[in-house]
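# Descriptive structure summary
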Amino acid sequence: MVRYIVKRLLLMVPTLVAISIVSFTIINLPPGDFVDRIVAQRLTAGEAVTAQEAADLRAFYGLDRSVGEQYVVWVSNIFVRGDFGRSFRWDLPVRDLVWERMALTLLLSVSSLLFIWVVAIPIGIFSAVRRYSLGDYIATFLGFVGVSIPNFLLALVLMFISFRYFGQSVGGLFSPQYINAPWSLAKILDLLGHLWIPMIVLGTAGTASLVRTLRANLLDELSRPYVTTARTKGLPESWLIVKYPLRHALNPFVSDLNGIFVDLVSGSTIVAVVLSLQTTGPLLLDALRSEDMFLAGSFIMLMSMLAVVGTLFSDILLAWLDPRIRYR
Amino acid sequence: MVTSADTLLDIRNLHVQFPTDHGVVKAVDGVDLMIARGRTVCVVGESGCGKSVTARAILQVIDAPGRITAGSLFFSASPETRVDLAALPPRGRQLRSIRGREIAMIYQEPMSSLSPLYTIGNQISEAIRWHSPVSQQEARQRTIAALEQVGIPQPQELFDRYPFTLSGGMRQRAMIAMALVCSPKLLIADEPTTALDVTTQANILDLLRKLQAELQMSLLWITHDLGVVAEIAHEVAVMYLGKIVEQGTVEQVLHSPNHPYTRALLRSIPRRGAGRLAAIRGNVPSPQQRPGGCLFHTRCDFASTGLCDRVEPAMIQLEDGHSVRCLAYVPHSPLRLEQPPAEAAATDPHLAFSDLPAEGRPVLLAVEQLKVHFPIQRGFFNRTTGHVRAVDGVSFQIYAGETLGLVGESGCGKTTLGHTLMRLYAPTAGEIRYYPRGKADGDTMNPAHLNKRQRKQYPRELRMIFQDPYGSLNPRLSILEIIGEVLKVNNLAQGRELERRVRELMAKVGLSPDYLHRYPHAFSGGQRQRIGIARALAPRPALIVADEPVSALDVSVQAQILNLLKELQSEFSLTYLFISHDLNVVSHISDRVMVMYVGRIVELAPTQTLFQRPQHPYTEALLSAVLSPDPSVRPPRIQLEGGVADPANPPAGCAFHPRCRYAQDRCRHETPALRPVTSVHWVACHFAEELTLHPMALAVSTLQTQESDRP
Ligand SMILES: Nc1ncnc2c1ncn2[C@@H]1O[C@H](COP(=O)(O)OP(=O)(O)O)[C@@H](O)[C@H]1O
Ligand code: SF4
Ligand code: SF4
Ligand SMILES: [Mg+2]
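All figures in this text were calculated on a predicted structure; none of them were measured in a lab.

### Focus: the pairing of strand β15 (residues 403-407) of chain B
Residue and element names in this part refer to chain B.
- With five of its five residues buried, β15 lies for the most part within the structure.
- Of the strand pairs in this sheet, β15 and strand β19 (residues 575-579) are connected by four bridges, and their pairing is parallel. Paired with Leu404 across the bridge in β19 is Leu577.
- Bridge count for β15 against strand β20 (residues 592-597) is four bridges, and the pairing is parallel. Counterpart to Val407 in the pairing with β20 is Val595.

Here it is as structure tokens:
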């Protein structure tokens, strides 16, 4: 197992390098740069910008160097000093803009994922073991509703409920008084109080589809010979189901875990806009629109890395779940 | 006769039914069976006759939606107690405490019956821990003891291994250890050796017989193989469509079979020298179409209209413990069960095939020093760390019109060799030469370098039949499309002509052309194999490679397919390379036989010679593992220990030396070459001339004569 993990970690290195190159390249694709935009803005405001001024600006931001040099500077700063460069637009270090939002995004994704698992697995087991029972039909029906309801609608409904019945501020992950406050226990509690809405919104569709997949997988597994073997050994039914078919049935799901993870991270963008959450999505959209290249590049890179880490995580989980993978 | 104190399990009037969309399936329909302490009872019959369902009913582990609808299962763990298992709730505590502890069960598929996600030790020791309050340490000790008991060489090490890292035989041993670990009073074994090699099967049978005596355990053994029955049973019950049709001691049933079904099963066993096998007509009827009257009348050679299709026979006692369900045994019955006289002539071993040197015939295919190696890739960059030498220097010739049998345990490279001839693998070294009109003609094809014309012609002339008739047919295509595709791809026919050709082919292989538009799932195993044969036959091939074509079939259906293959061979002058691990089948169909071990040919001889005067120790061991359906023939068995050597790392010298009982020093360094000992007999053993080896025991003939003693 340790060997397997080390191997996977080493394999991650080239992937990460590739991601950084791709992120940087994508940002450089659109014609014109940040300085062109400043010039255009000033022009519309009626100020003339001389060629000399523009060149000075470029030199200041390092935009006069070759693309290769810019890349090397960018990456080495990240690794040496944790410095992601400066956001032109906000005139702040990218680091300050990004970290908190990354952490919130991660928190939201992981909690949605846990929500999905905790809700879906018991329902899935129930549906499969009591196939065609009333409970199974209800679960199937709710599953359909869960998959088909659009996230933003669910977000609006839940926001209304929380405002109307719990008296919470609408939207956001914090009540207004905590938004710029330093971290404290009260702020954390406030965060948890707000977290459940996006968690449910993001988790609902995933829960519904996991219930359906799990039910189908488990039904397949329940008729396998090894289940009968376990039964003929005299194991109690509930123990037996969790130990044998469930673990088998989770297998295809875990291998897909990464996909769900990526979905969550990207899906959270739209929800975040609707709920006005301070996560990464809205900021990234904004950065892309204004060609704030260091900010956008750092974001894309960090989120891709999150996806790579998610894959690693799901692979390790899979290897733990299914020993055959370790032997390959 | 068994007294009631000796009775361990008394099955009375057991009925199991499956309610399905197409009506109720009566899988078990009134079975009475008694299992005495310390005895072995075999239940035998074709697949779909309700054997497995009977076995599963005992522990109430029948697949949904089946359930016991009537009958009792009286189980007496000790002579004083008696509990009706059928009356216990299937998920209740009482039945759970019997499962695994008093009654244990092993299944046919050792791979799918063990979960790949837990170690062997985990899965075995869990059985102990649910039944008795022992520490983890003690459970481990007992598990290791059980693994040792079933002859696993390093039980300590095996404890922590996962099932998928073991060979089939090892897994089945682990399954047996798991069943025995709580010392059950009854072991139910559902075809536990069917999926194994003959040699492994022989080892497992010996092991279970030994353990049974040691542990004073009863065995209920389900099988379709009469050889296994003769080997292990005390009592036998023959089952057909959910009912027992004949029952008695193993001598009674196999030496003087009375029911036409039992006799037919015995006659359909393929054997050396038999011409046409006496196959049973048709197939086991589908459970929705159970015939009225005698269940067997639709396939019985002696059925009398007006009687057998109307009257349902009851079980009739013949003598102490021997009973039969056939109307011919009713006192004053007008029915007579006499052999049709034609059968006798065909069984003379000297008429059926000749020992004539096949060399007289033209060579159709020549293989020269063929090697097929597969790289083993490991590590970060998939470096090649070694090679699996699946085929490692093989030379032979196939003569036009002959059947060349190819035998060996699984993993010896048989399938790889077959697939390489079909161009599914490229040779690593060596050459294959195909001579469409015989070697003398000069037109040769080398499948590694075919020109444009040959690239079309070669796959038409060499065709393949596969073992798994279902897996090899696309379930989404109709029979017309499956067979027609071959004709279309090769531009042999189109439209109406195509359909006509397909109908013709179907008729040739014994399928009704009415099935033209049906899909594979609507056919039985035997019928699917007929489809596979029709598809192979479609472009008029010269050579057919048949890879275990009858291994997945029941004996009766097997006999039908073997007969069909022989008929087609003479009608279309076909040449067969017939791969099988079943030596009975090979001895029946082949003109010459080639024995393979770890990628090499170790012996090649005309069938008669190979079976009567084997000259390689491996051949001798294979022959000794063949089971005879005659309980009085028990030739000394040569135990082949361990598995087939790893073809990635074969032993130095003679690859067989670690398992060879004649091995000497020389065998450990010097690889024996395949050399002729007579003009037609080739052996790869240093001591071929010195050794006197045992031939295969032949006993089936006694069964032929005795069976007509009765009415
Ligand atoms: N799960 C099931 N659903 C419906 N029919 C079944 C099921 N399992 C077995 N049967 C039917 O029960 C009959 C007996 O099957 P089985 O006991 O497996 O035969 P055998 O072991 O002799 O090959 C067959 O006709 C089969 O179709
Ligand atoms: S009763 Fe008739 S059909 Fe049935 S086995 Fe006897 S002879 Fe054959
Ligand atoms: S060469 Fe030696 S080891 Fe090989 S089969 Fe002959 S006697 Fe046995
Ligand atoms: Mg069966």
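There's more to say after this.
### A closer look at the pairing of strand β18 (residues 543-547) of chain B
All names here are of chain B.
- Of all five residues making up β18, five are buried, and the element is well covered by its neighbours.
- With four bridges connecting them, strand β17 (residues 462-465) and β18 associate as parallel partners. Considered in β18, the bridge of Met464 is made with Val545.
- Inspection of the sheet shows β18 paired to β19 by five bridges, in the parallel sense. Directly across from Ile544, in β19, lies its bridge partner Tyr576.

### Some remarks on the interface of chain B and chain A
- Counting from both sides, the interface comprises 31 residues of chain B and, opposite them, 24 residues of chain A.
- The junction of chain B with chain A conceals about 2,700 Å² of combined surface from both sides, 64% of it contributed by carbon and sulfur atoms.
- A salt bridge links Arg91 of chain B to Glu237 of chain A; its shortest N-O distance comes to 3.6 Å.
- Of all the elements in the fold, those that place two or more residues in the side of chain B that touches chain A are β6 (103-106), α3 (120-131) and α6 (168-180) of chain B.
- When residues in the side of chain B that touches chain A are grouped by element, the largest group, six residues, is from α3 of chain B.
- Among the residues forming the side of chain B that touches chain A, the class breakdown is 16 nonpolar, nine polar and six charged.

### Notes on the sheet that holds β15 of chain B
Residue and element names in this part refer to chain B.
- Strand order in this open sheet of eight strands is β17-β18-β19-β15-β20-β21-β23-β22, and the pairing throughout is mixed. Edge positions in the sheet fall to β17 and β22 (675-676), since each of these pairs with one other strand and no more.
- Its contacts with the sheet put helix α13 (residues 414-421) on β15, β17, β18, β19 and β20, and the angle it makes with β18 is roughly 150°.

### Concerning the packing of aromatic side chains
- Taken as a whole and judged by the stated rule, the model has 13 aromatic pairs over all chains.
- Between the aromatic rings of Tyr244 of chain A and Tyr118 of chain B, the centroid separation amounts to 5.3 Å while the plane-to-plane angle is 70°, which identifies the pairing as edge-to-face. A residue pair is termed interchain when its members come from two chains, as with Tyr244 of chain A in helix α10 (residues 237-255) and Tyr118 of chain B in the loop between β6 and α3. For the pair formed by Tyr244 of chain A and Tyr118 of chain B, the shared burial category is buried.
- Relative to Tyr261 of chain B, the ring of Tyr240 of chain B lies with its centre 4.6 Å away and its plane at 55°, an arrangement referred to as tilted. A residue pair is termed long-range when its members are at least 10 positions apart, and Tyr240 of chain B in strand β9 (residues 235-240) and Tyr261 of chain B in helix α10 (residues 260-267) qualify at 21 residues.
- We classify Tyr240 of chain B as buried; its relative accessible area is 0%.
- A relative accessible area of 0% means that Tyr261 of chain B is categorised as buried.
- Each member of the aromatic cluster is reached from another via a ring pair, and the members are Tyr226 and Tyr244 of chain A together with Tyr118 of chain B.
- The lysine or arginine in question, Arg212 of chain A, covers the ring of Phe144 of chain A, its NZ or CZ lying 4.9 Å from the ring centre.
- The ring of Tyr118 of chain B has Lys243 of chain A sitting right over it, with the charged end atom 4.7 Å from the ring centre.

### Regarding the site of ligand 2
- Taken together, the residues surrounding ligand 2 are His259, Pro260, Cys294, His297, Cys300, Ala303, Cys308, Cys326, Leu327 and Leu335 of chain B.
- Here the residues of the shell around ligand 2 are counted per class, giving eight nonpolar, two polar and no charged.

### Observations concerning the environment of Leu173 of chain A
- By the secondary structure assignment, Leu173 of chain A is in the loop between α7 (151-166) and α8 (185-222).
- Looking at Leu173 of chain A, the relative accessible area reads 1%, which means it is buried.

### What about the environment of Lys26 of chain B?
Residues and elements named next belong to chain B.
- Along the chain, the position of Lys26 falls in strand β2 (residues 23-36).
- Under the relative-accessibility criterion, Lys26 is labelled partly exposed at 37%.
- Distance in space between the C-alpha atoms of Lys26 and Leu95 is 24 Å, their sequence separation being 69 residues.

### A closer look at unusual backbone geometry
Residue and element names in this part refer to chain B.
- Omega for the bond connecting Ala64 with Pro65 falls within 30 degrees of zero, at 0°, which places this linkage in the cis form.
- Structurally, Pro65 can be placed in the loop between α1 (51-58) and β4 (67-75).
- Even without glycine at this site, Asn491 takes up a positive phi of about 55°.
- Mapped onto the elements, Asn491 comes out in the loop between α15 (479-489) and α16 (495-508).

### Re the sheet that holds β4 of chain B
All names here are of chain B.
- The strand order across the open sheet built from four strands is β2-β1-β4-β5, with neighbouring strands paired in antiparallel fashion. Sheet topology places β2 and β5 (83-84) at the edges, where each strand pairs with a single neighbour.
- Relative to β4, strand β1 (residues 7-20) runs antiparallel, the two sharing seven bridges. When the sheet's bridge partners are listed, Asp10 is paired in β4 with Phe74.

### Some words on the pattern of salt bridges
All names here are of chain B.
- In this structure the tally under the stated criterion is 35 salt bridges over all chains.
- A salt bridge links Lys243 to Asp29, with the shortest nitrogen-to-oxygen separation between them at 3.2 Å. Placement of Lys243 in strand β10 (residues 243-249) and of Asp29 in strand β2 is noted, with a sequence separation of 214 residues between them. Like Asp29, Lys243 is buried.
- Among the salt bridges present, the one from Arg592 reaches Glu402, with a minimum N-O distance of 2.8 Å. Taken together, the residues span a long stretch of sequence, with Arg592 in strand β20 and Glu402 in the loop between β14 (383-399) and β15 at a distance of 190 residues. As far as burial versus exposure is concerned, Arg592 and Glu402 are alike and both buried.
- Salt bridges sharing common partners tie together Asp29, Lys243, Arg290 and Glu312.

### What to know about a nonpolar patch on the surface
- A cluster of nonpolar residues, Leu134, Ile138, Phe141, Leu142 and Val145 of chain A, forms a patch on the protein surface that exposes about 520 Å² of accessible area.
- A relative accessible area of 52% means that Leu142 of chain A is categorised as exposed.

### Focus on the site of ligand 1
Residue and element names in this part refer to chain B.
- Looking at ligand 1, there are 15 residues lining it, with Gly48, Gly50, Lys51, Ser52 and Val53 nearest.
- Take Gly48: an N or O atom from its main chain is 2.6 Å from an oxygen atom of ligand 1.
- Taking Ala64, its main chain carries an N or O atom lying 3.5 Å from a nitrogen atom of ligand 1.
- Summarising the interface, the protein chains cover 72% of the accessible area of ligand 1, which totals 560 Å² for the free molecule.
- Among the elements that line the shell around ligand 1, the one with the most residues is α1, at three residues.
- A class-by-class count of the residues in the shell around ligand 1 yields seven nonpolar, five polar and three charged.

Calculation notes
Residues numbered from 1 in each chain as written. Chains lettered and ligands numbered in written order. Predicted model: local features only at pLDDT ≥ 70, side-chain atom pairs only at ≥ 80, totals over all residues. Heavy atoms only, no water. Buried < 20%, exposed > 50% of the residue type's maximum accessible area, 1.4 Å probe, protein only. Helix = DSSP H or I, 4+ residues; strand = E, 2+ residues; numbered from the N terminus. Pairing = 2+ DSSP bridges. Contact = heavy atoms within 4.5 Å. Buried area = accessible area lost by both parts, 1.4 Å probe. Salt bridge = Lys/Arg side-chain N within 4 Å of Asp/Glu carboxyl O. Nonpolar A, V, L, I, M, F, W, Y, C, P; charged D, E, K, R; others polar. Axes fitted to C-alpha atoms, helices over the stretch in contact; angles between N-to-C directions. Phe/Tyr/Trp six-rings, centres within 6.5 Å; stacked < 30°, edge-to-face > 60°. Lys NZ or Arg CZ within 6 Å of the ring centre and 35° of its normal. Near = heavy atom within 4 Å. Patch = residues over 30% accessible without salt bridge, like charges linked within 9 Å, V, L, I, M, F, W, Y side chains within 5 Å. Areas by Shrake-Rupley, 256 points an atom, 1.4 Å probe, with all protein chains shown as cover. Polar contact = N/O pair within 3.5 Å; in protein donor to acceptor, adjacent residues only side chain to side chain.

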